[in-house]
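Working through the structure, step by step
If you want the building blocks of each chain, they are given just below.
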Amino acid sequence: MPVAVVLGMQWGDEGKGKIIDLLADHVDVVARYQGGHNAGHTICFDKKEFVLHLIPSGIFHDDKLCVIGNGVVVDPIALSEEIKQLESVGINLEGRLVISDRANLIMPYHQVSDQGREKEKGKFEKIGTTGRGIGPSYADKIARIGIRACDLRDEKYLQSRLEANYEEKSQVLKSLYGKQLPKFDGLLNDLMIFRELILKYLMDTNVLMNNLISQNKNILCEGAQGTMLDVDHGSYPFVTSSNSSAGGVCTGLGIPPTKIDRVLGVVKAYTTRVGEGPFPTELFDNEGEQLGKVGHEFGATTGRPRRCGWFDAVVAKYAIQLSGIDALILTKIDVLDGFKTIKVCTGYKFKGKVIQDMPADPVILGNCEPVYTEHEGWMEKTAGIKDFEKLPEKARSYIQYLSDLLGTPFLIISTGPDREETIQMGSLFVNS
Ligand code: GDP
Ligand code: IMO
Ligand code: MG
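Because the structure is a prediction, the values reported are computed rather than measured.

Take the site of ligand 2 next. Residues in contact with ligand 2 amount to 20 residues; listed here are only the nearest, Lys-16, His-41, Thr-130, Gln-225 and Thr-240. Asp-13 is positioned such that a nitrogen or oxygen atom in its backbone is 2.8 Å from an oxygen atom of ligand 2. One of the side-chain N or O atoms of Arg-304 is found 2.9 Å from an oxygen atom in ligand 2. Against a free-state accessible area of 540 Å², the protein chains account for coverage of 98% of ligand 2.

Time to look at the site of ligand 1. Residues in close proximity to ligand 1 total 19 residues, the closest being Lys-16, Gly-17, Thr-42, Asp-334 and Ser-414. In the environment of ligand 1, an oxygen atom lies 3.1 Å from a nitrogen or oxygen atom belonging to the backbone of Glu-14. Here an oxygen atom of ligand 1 and a side-chain polar atom of Lys-332 are 2.9 Å apart. Here ligand 1 loses 92% of its free accessible area of 590 Å² to cover by the protein chains. Among the elements of the structure, helix 1 (16-23) and strand 3 (41-45) are those that each provide at least two residues to the shell around ligand 1. Looking at the shell around ligand 1 residue by residue, the class counts come to four nonpolar, eight polar and seven charged.

Let's shift gears to the pattern of salt bridges. All chains considered together, the criterion is met by 17 salt bridges. Asp-13 serves as the salt-bridge partner of Arg-306, at 3.0 Å between the closest nitrogen and oxygen. One end of the pair, Arg-306, is in the loop between helix 9 (286-294) and strand 13 (307-309); the other, Asp-13, is in the loop between strand 1 (3-8) and helix 1, and 293 residues separate them in sequence. Using a relative accessible area of 11% as the deciding quantity, one classes Arg-306 as buried. Of the charged contacts in the structure, one is a salt bridge between Arg-102 and Asp-204, with a shortest N-O distance of 3.1 Å. Remark: Asp-204 occurs in the loop between strand 9 (202-203) and helix 7 (205-214) and Arg-102 occurs in the loop between strand 7 (97-100) and strand 8 (104-105); sequence separation between them is 102 residues. On the basis of relative accessibility, which here comes to 33%, the residue Arg-102 falls in the partly exposed class. For Asp-204, a relative accessible area of 26% corresponds to the partly exposed category.

Along its sequence, the chain is carved into domain 1 (3-100 + 202-262), domain 2 (104-198) and domain 3 (267-424). Its C-alpha centre places domain 1 at a distance of 23 Å from the equivalent point of domain 2. Summed over both sides, the interface of domain 1 with domain 2 buries roughly 1900 Å², with 65% coming from carbon and sulfur. In terms of surface lost to domain 2, no three residues of domain 1 exceed Val-73, Pro-76 and Leu-202, which account for 32% of the buried area on that side. Where domain 1 touches domain 2, the interface holds zero salt bridges.

In this structure, Asp-13 (OD) and Gly-40 (O) serve as the protein donors to the magnesium ion (ligand 3), at separations of 2.1 to 2.2 Å. Taken together, the residues span a long stretch of sequence, with Asp-13 in the loop between strand 1 and helix 1 and Gly-40 in the loop between strand 2 (29-32) and strand 3 at a distance of 27 residues.

Before going further, it helps to examine the sheet that holds strand 11 (residues 262-268). Neighbouring strands of a sheet are bound in pairs by backbone hydrogen bonds; such pairs are parallel or else antiparallel. One open sheet accounts for ten strands, arranged 9-7-5-2-10-1-11-15-19-20; its pairing is mixed. The open sheet has two edge strands with one neighbour each: strand 9 and strand 20 (422-424). Contacting strand 15 (327-331) and strand 19 (410-414), helix 12 (residues 393-406) crosses the sheet at an angle of about 140 degrees to strand 19.

A few words now on the environment of Leu-220. By secondary structure assignment, the location of Leu-220 is in strand 10 (residues 219-222). Among the residues examined, Leu-220 registers a relative accessible area of 0% and is labelled buried. Discounting chain neighbours no more than four positions away, the residues touching Leu-220 are Ala-4, Val-6, Ile-20, Leu-23, Ala-24, Val-27, Val-29, Val-30, Ala-31 and Leu-428.

Attention now moves to unusual backbone geometry. Between Tyr-236 and Pro-237 the backbone carries a cis peptide bond, its omega angle lying at 5 degrees. Note on placement: Pro-237 falls in the loop between strand 10 and helix 8 (247-253). Of note in the backbone geometry, Asp-46 takes a positive phi value of approximately 50 degrees without being a glycine. When you line up the elements, Asp-46 lands in the loop between strand 3 and strand 4 (48-52). Take Asp-46: its relative accessible area is 60%, and that puts it in the exposed class. One non-glycine residue with positive phi stands out, namely Lys-351, at about 50 degrees. Inspection of the secondary structure puts Lys-351 in the loop between strand 16 (341-350) and strand 17 (353-355).

Our focus in this paragraph is the pairing of strand 5 (residues 65-68). Neither face of strand 5 is open: one carries Leu-65 and Val-67, the other Cys-66 and Ile-68, and all of them are buried. Summarising the sheet, strand 2 and strand 5 pair through four bridges and their orientation is parallel. Its bridge partner being in strand 5, Ala-31 is matched across the sheet by Val-67. As judged from the three bridges shared by strand 5 and strand 7, these two strands associate in the parallel manner. Within strand 7, the residue paired with Val-67 across the bridge is Val-98.

Criteria and cut-off values
- Residues numbered from 1 in each chain as written.
- Chains lettered and ligands numbered in written order.
- Predicted model: local features only at pLDDT ≥ 70, side-chain atom pairs only at ≥ 80, totals over all residues.
- Heavy atoms only, no water.
- Near = heavy atom within 4 Å.
- Polar contact = N/O pair within 3.5 Å; in protein donor to acceptor, adjacent residues only side chain to side chain.
- Areas by Shrake-Rupley, 256 points an atom, 1.4 Å probe, with all protein chains shown as cover.
- Helix = DSSP H or I, 4+ residues; strand = E, 2+ residues; numbered from the N terminus.
- Nonpolar A, V, L, I, M, F, W, Y, C, P; charged D, E, K, R; others polar.
- Salt bridge = Lys/Arg side-chain N within 4 Å of Asp/Glu carboxyl O.
- Buried < 20%, exposed > 50% of the residue type's maximum accessible area, 1.4 Å probe, protein only.
- Domains from an automatic or database assignment.
- Buried area = accessible area lost by both parts, 1.4 Å probe.
- Donors = N, O, S within 2.8 Å, 3.2 Å for Na, K, Ca; no water.
- Pairing = 2+ DSSP bridges.
- Contact = heavy atoms within 4.5 Å.
- Axes fitted to C-alpha atoms, helices over the stretch in contact; angles between N-to-C directions.

Here is the structure:
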């Protein structure tokens, strides 16, 4: 029953897309368990670059099944566009893409509410969301008023679910943000068009995943966002609205916890964050600028510049503990090639005391000062190196230092955006 999870250990954008595409070669199935089209997963091969938002990152391997689990929130327009885009580059999705009939949909009113709330300065704390309607859609799911993919099967039932929402949503959005919702018939009509496209992909993915497990298929569960954006365990309230840590796999795909074999954590050699919220190692100087410039740190979904800072071992240790991460994948080591000195945060200082555990309180996280160790940079090119022994000695000792500090081995070191620019140190599964 080889089930592996690959998830982000920081604030997202760790390079999960590249790694999942790479590891997809060793599995039969790639399955997303949470998030929505707030995610932007970049995959580069054959000198081409693709950004996936909803469709799992195994889609570029012809023989892999890609599953969108019940824990994902699906925007009909975004999904339709992504399907069309992939078809336009010759990727055939029929028989290869499966969507859970229990997945909740993102409706246009969710997006209006998300964007409206973010603009209402003063009333709510600005989170810097992607504006895709993610939070309001998950809120409706928890309030038990969401519209699910399976509702598309029965036109009458679909209409009644939409009716139950429409009046309340239109009144609230008008009075709070002065926004007028599209006419009811138009919304229903759009859903009916989506229905035509999507019905063939819908399935009970709980049954599917568990059948695949009993057939001993290799499954890779794809995390979106990162540990610090997890709604329960992240830097709340500056988080997304789903469980991006390993717990989300069980609820978001119907995979029992006893069936998960491996949890791999993807971590950048430095830290980035998009949107608002505390970020202890954030740099506001030339070095931060250099990280952003060399690392091309712009959001793959919104194009916003990412805030940059040094590697934060408090965050990484927290992610390891929370998700039971048993091996690490280090990305973007090449971005550090031009740094004379590299810093690693090993603790936070708050009111004269050093904290090692992640504080729940955003006021503490926002006011603590990082405690750093300093490392001599290698000032040589690591970009594109495929063999660990060929890395500069100082880069190897930096990697060893991180592994010792985190008490966890590295399985992969990524030295560039392309599939090929990778150092593989071990196997995903013992038999692969
Ligand atoms: P994800 O959301 O975790 O999949 O990450 P994103 O795709 O949003 O952002 C990661 C960015 O870094 C993308 O532009 C990748 O092409 C790029 N990338 C991934 N791994 C590496 C690496 O090892 N080195 C460099 N220079 N870029 C990388
Ligand atoms: P991937 O999968 C980085 C951030 C947003 C915002 C917060 C809440 O590419 O790593 P939301 O729209 O989810 O309600 O926004 O979460 N965020 C991400 N940051 N990478 C992502 O995904 C993100 N998805 C959401 O910027 O701060
Ligand atoms: Mg991303």
